[in-house]
Amino acid sequence: EFASTAAAFAGLPPEEREELESLRAVHSVTRSLSPLIDGLTEEEKSKLVVGSVNTHPIVWKHKSGKKSMVIGSHADHVVGQPLAHGRALLMRLIEWSAQPDYSYRHYWQVGDFVIWDNTSAMHRVVPYDANSGRTMHRTSLAGYESVS
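Visitor: What is the right way to read the overall build of the protein from this model?
Guide: Across its full length, the protein carries 6 helices and 8 strands. Reading the secondary structure of the protein in the N-to-C direction produces β-α-α-β-α-α-α-β-β-β-β-α-β-β. Taking the principal axes of its C-alpha atoms as reference, the protein extends roughly 50 × 40 × 30 Å. Scored against the burial criterion, the 148 residues of the protein give a buried share of 28%. For the protein, the share of sequence-separated contacts (at least 6 apart) that also reach a separation of at least 24 residues comes to 72%. For the protein, the computed accessible surface area is about 10300 Å², with 56% contributed by carbon and sulfur atoms. If the 15 positive side-chain charges of the protein are averaged to one point and the 17 negative ones to another, these points end up 4 Å apart.

Take a look at the structure:
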């Protein structure tokens, strides 16, 4: 499944878009893995290497002028906001972006090739039969700009 965070941002009311442009969120691999990590013991958690923590604007203004939201399961909290409030905002934006008007679900067939712009999309795997023969090959292309 793929959701356009650019289309979702454009679909927000103007006053909300303006408010979001001043906010930054903290992102971490730990947050995206929290459903799995929560079931571990403290000893097991201490052995995990889960990557870096980064802060990014919630709204990325691309060099082209396009704006998209930098959100997803890795977005942990909003800088300067109480934890619960920031997480609720991020979850609402994720749910907003994933609604049918802004998302696409691909139904795989043999030979399919799908490519997306990772700078303005959320994506996730829908569970599938592990014995289906499905194979994923990932290729990443270097971009010309980064979120800051």
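Visitor: Mind showing me how you'd approach the confidence of the model for the protein here?
Guide: Per-residue pLDDT for the protein averages 87, and the proportion of residues at 70 or more is 91%. Within the protein, helix α4 (residues 34-37) has the poorest average pLDDT of any element, 65, and helix α1 (residues 5-10) the best, 98.

Visitor: Just checking my understanding: could you explain the side chain of Ser68 for this structure?
Guide: Looking at where Ser68 falls in the secondary structure, it is placed in strand β5 (residues 67-69). Of the polar contacts made by the side chain of Ser68, one reaches the backbone oxygen of Thr119; its length is 3.0 Å.

Visitor: Just to check I follow, could you spell out the side chain of Glu16 for this structure?
Guide: Note on placement: Glu16 falls in helix α2 (residues 14-20). Relative accessible area serves as the criterion here: at 16%, Glu16 is assigned to the buried category. If we ignore the near neighbours within four places in the chain, the residues touching Glu16 are Arg92 and Leu93.

What counts and how
- Residues numbered from 1 in each chain as written.
- Predicted model: local features only at pLDDT ≥ 70, side-chain atom pairs only at ≥ 80, totals over all residues.
- Heavy atoms only, no water.
- Helix = DSSP H or I, 4+ residues; strand = E, 2+ residues; numbered from the N terminus.
- Buried < 20%, exposed > 50% of the residue type's maximum accessible area, 1.4 Å probe, protein only.
- Contact = heavy atoms within 4.5 Å.
- Areas by Shrake-Rupley, 256 points an atom, 1.4 Å probe, with all protein chains shown as cover.
- Lys, Arg positive; Asp, Glu negative; His and termini not counted.
- Charge placed at Lys NZ, Arg CZ, Asp CG, Glu CD.
- pLDDT = per-residue confidence, 0-100.
- Polar contact = N/O pair within 3.5 Å; in protein donor to acceptor, adjacent residues only side chain to side chain.

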